[in-house]
Amino acid sequence: MDYKELFEKAKEAKSAEELIVLAKENGAELTEEEAADYFTQLHQSGELSDEELDHVSGGGCHNKDGRLIVTEFYSCEHAVYTKINYSSCVTCKYSSYEKGLRLCNHPANRK
């Protein structure tokens, strides 16, 4: 299943638990926290805030405490990949998942 099909199926999920099952069926793992955050994001209505637009734009934006936000299309030169999965494409040993965002914890990427 390609990403577009997977995304469409994820939008049809009725709960975070269904997202966990869908991820598992497609060779990925989601924690309960990740699934809950994704479910909330998938079922939001209305316009995105400026901060939310920054998060999804694929650019090198930073969160409020100055850490680089890592997206599917943007990582840093310090990335050391530990696994590949659907939730963040790549997982770097310096990254962490917090409040719906994949954040870089490498000291060089603090603003």
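Being a predicted model, the structure only gives us computed values, none of them experimental.

Right, let's talk about the overall build of the chain for a bit. Each helix and strand counted, the chain has 4 helices and 5 strands in total. For the chain, the α and β elements follow one another from N to C terminus as α-α-α-α-β-β-β-β-β. Going through the 111 residues of the chain one by one, you find that 38% of them count as buried. When contacts within the chain are restricted to residue pairs at least 6 apart in sequence, long-range pairs at least 24 apart make up 43% of them. Total accessible area computed for the chain in this model is approximately 7400 Å², and 51% of it derives from carbon and sulfur atoms.

Counting residues in hydrophobic clusters, the biggest one holds 12 residues: Leu6, Ala10, Ala13, Ala16, Leu19, Leu22, Ala23, Ala28, Leu30, Ala35, Tyr38 and Tyr97. When residues in this core are grouped by element, the largest group, 4 residues, is from helix α2 (residues 16–25).

A few words on the environment of His106. On the secondary structure map, His106 appears in the segment after β5 (101–104). A relative accessible area of 14% means that His106 is categorised as buried. In this structure, His106 is in contact with His78 and Tyr94, ignoring residues within four places of it in sequence.

In this section: α2. Since the α-helix turns once every 3.6 residues, residues separated by three or four places project in the same direction. All of the buried residues in α2 are Ala16, Leu19, Leu22 and Ala23. The buried residues of α2 all sit within an arc of 110 degrees when viewed along its axis, so they share a single face. Away from the buried face of α2 by more than 90 degrees, exposed residues Glu17, Lys24 and Glu25 are located. Just downstream of α2 lies Gly27, where phi reads positive at about 80 degrees.

Note: strands within a sheet are paired through backbone hydrogen bonds, in either parallel or antiparallel orientation. Read from one edge to the other, the open sheet built from 3 strands follows the order β1-β5-β4, with strand pairing classed as antiparallel. If you trace the sheet from one side to the other, it starts and ends with β1 (69–70) and β4 (95–98), each paired once. As paired elements, β4 and β5 share 4 bridges and run antiparallel to each other. Within β5, the position partnered with Tyr97 by the bridge is Arg102.

Those residues of helix α3 (residues 32–42) that sit buried are Glu34, Ala35, Asp37 and Tyr38. Taken around the axis of α3, the buried residues stretch over an arc of 165 degrees, which confines them to a single face. Buried positions along α3 lie against α2, β4 and β5.

Turning next to the pairing of β5. Side chains Leu101 and Leu103 of β5 all project onto a buried face; the interleaved residues Arg102 and Cys104 project onto the opposite face, where all are buried too. As judged from the 2 bridges shared by β1 and β5, these two strands associate in the antiparallel manner. What sits directly across from Ile69, in β5, is Leu103. Taking the residues between adjacent antiparallel strands as the criterion, β4 and β5 are bridged by 2 residues, where Lys99 takes a positive phi near 50 degrees.

Calculation rules
- Residues numbered from 1 in each chain as written.
- Predicted model: local features only at pLDDT ≥ 70, side-chain atom pairs only at ≥ 80, totals over all residues.
- Heavy atoms only, no water.
- Helix = DSSP H or I, 4+ residues; strand = E, 2+ residues; numbered from the N terminus.
- Buried < 20%, exposed > 50% of the residue type's maximum accessible area, 1.4 Å probe, protein only.
- Contact = heavy atoms within 4.5 Å.
- Areas by Shrake-Rupley, 256 points an atom, 1.4 Å probe, with all protein chains shown as cover.
- Core = buried A, V, L, I, M, F, W, Y, C linked by side-chain atoms within 4.5 Å.
- Arc of directions from axis to C-beta.
- Pairing = 2+ DSSP bridges.

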